[in-house]
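# A closer look at the structure
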Amino acid sequence: MKDSNCIFCKIANGEIPSSTVYEDQDFRVILDLGPAAKGHALILPKEHFKDVCELDEAVAAKVLPLGAKIGAAMKEALGCAGFNLVQNNGVAAGQTVFHFHMHVIPRYENGPEMVTWTPGKEDPEVLAQTAERIKNAL
Ligand code: AMP
Ligand code: ZN
């Protein structure tokens with residue numbers, strides 16, 4: 001399924017030009033227009049899925065191997081020291097385009113801090129209760 005109002009559907013299916021680094025029958029991988037670092041790429045399925053919860057399982061199974069392949073190519077081609085695979089779901093998580101996508105963000109030696117958080121502290125009892133609540137919803 002495609003969504004005629006979705007910009008990533010149009011990009012993934014070639015109706016809007018993009019800086020494409022990879023394409024196959026299921027995906028197009030493009031460079032992000034607002035890169036967090038040089039080479040920042042987005043893995044876009046050609047089918048429309050709003051987020052990871054809607055993603056078809058057969059497509060989902062191909063996303064991580066493709067992320068690894070793109071990241072390895074970035075290390076070789078751009079000389080980055082590592083890369084982050086980042087995937088946002090929902091406004092609260094920072095998702096701004098509601099067509100599933102995986103960011104592949106090259107990380108360079110001495111590059112800026114990103115994809116980081118301050119570790120909190122939690123009571124083991126609260127951890128156990130929280131785990132129980134999630135378990136019961138699965
Ligand atoms: P997210 O915040 O996870 O939804 O990420 C959306 C990403 O898409 C952002 O990093 C944007 O810079 C990027 N983006 C939005 N529109 C375009 C576009 N037309 N071409 C390439 N990247 C885009
Ligand atoms: Zn779409």
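Use the structure listed above.
### Thoughts on the pattern of salt bridges
If you walk through the whole model with that rule in mind, you get 5 salt bridges. The shortest N-O distance in the salt bridge between Glu47 and Lys2 comes to 2.8 Å. Highlighted residues: Glu47 in the loop between strand E3 (41–45) and helix H2 (57–78) and Lys2 in the segment before helix H1 (7–12), separated in sequence by 45 residues. With relative accessibility at 30%, the residue Glu47 sits in the partly exposed group. The shortest N-O distance in the salt bridge between Glu23 and Arg28 comes to 3.4 Å. What you see here is one network of salt bridges that share partners, running through Glu23, Arg28 and Lys46.

### Looking at the sheet that holds E3
Spatially, the 5 strands line up as an open sheet ordered E1-E2-E3-E5-E4, and their pairing is antiparallel. If you trace the sheet from one side to the other, it starts and ends with strand E1 (20–23) and strand E4 (82–86), each paired once. Along the sheet, successive strands turn relative to each other by an average axial angle of 20°, direction set aside. In the sheet, E4 pairs with strand E5 (residues 102–107) via 5 bridges, with the strands oriented antiparallel. Each residue of the ladder has a partner; that of Val86, found in E5, is His103.

Rules behind the numbers
- Residues numbered from 1 in each chain as written.
- Chains lettered and ligands numbered in written order.
- Predicted model: local features only at pLDDT ≥ 70, side-chain atom pairs only at ≥ 80, totals over all residues.
- Heavy atoms only, no water.
- Salt bridge = Lys/Arg side-chain N within 4 Å of Asp/Glu carboxyl O.
- Helix = DSSP H or I, 4+ residues; strand = E, 2+ residues; numbered from the N terminus.
- Buried < 20%, exposed > 50% of the residue type's maximum accessible area, 1.4 Å probe, protein only.
- Pairing = 2+ DSSP bridges.
- Axes fitted to C-alpha atoms, helices over the stretch in contact; angles between N-to-C directions.

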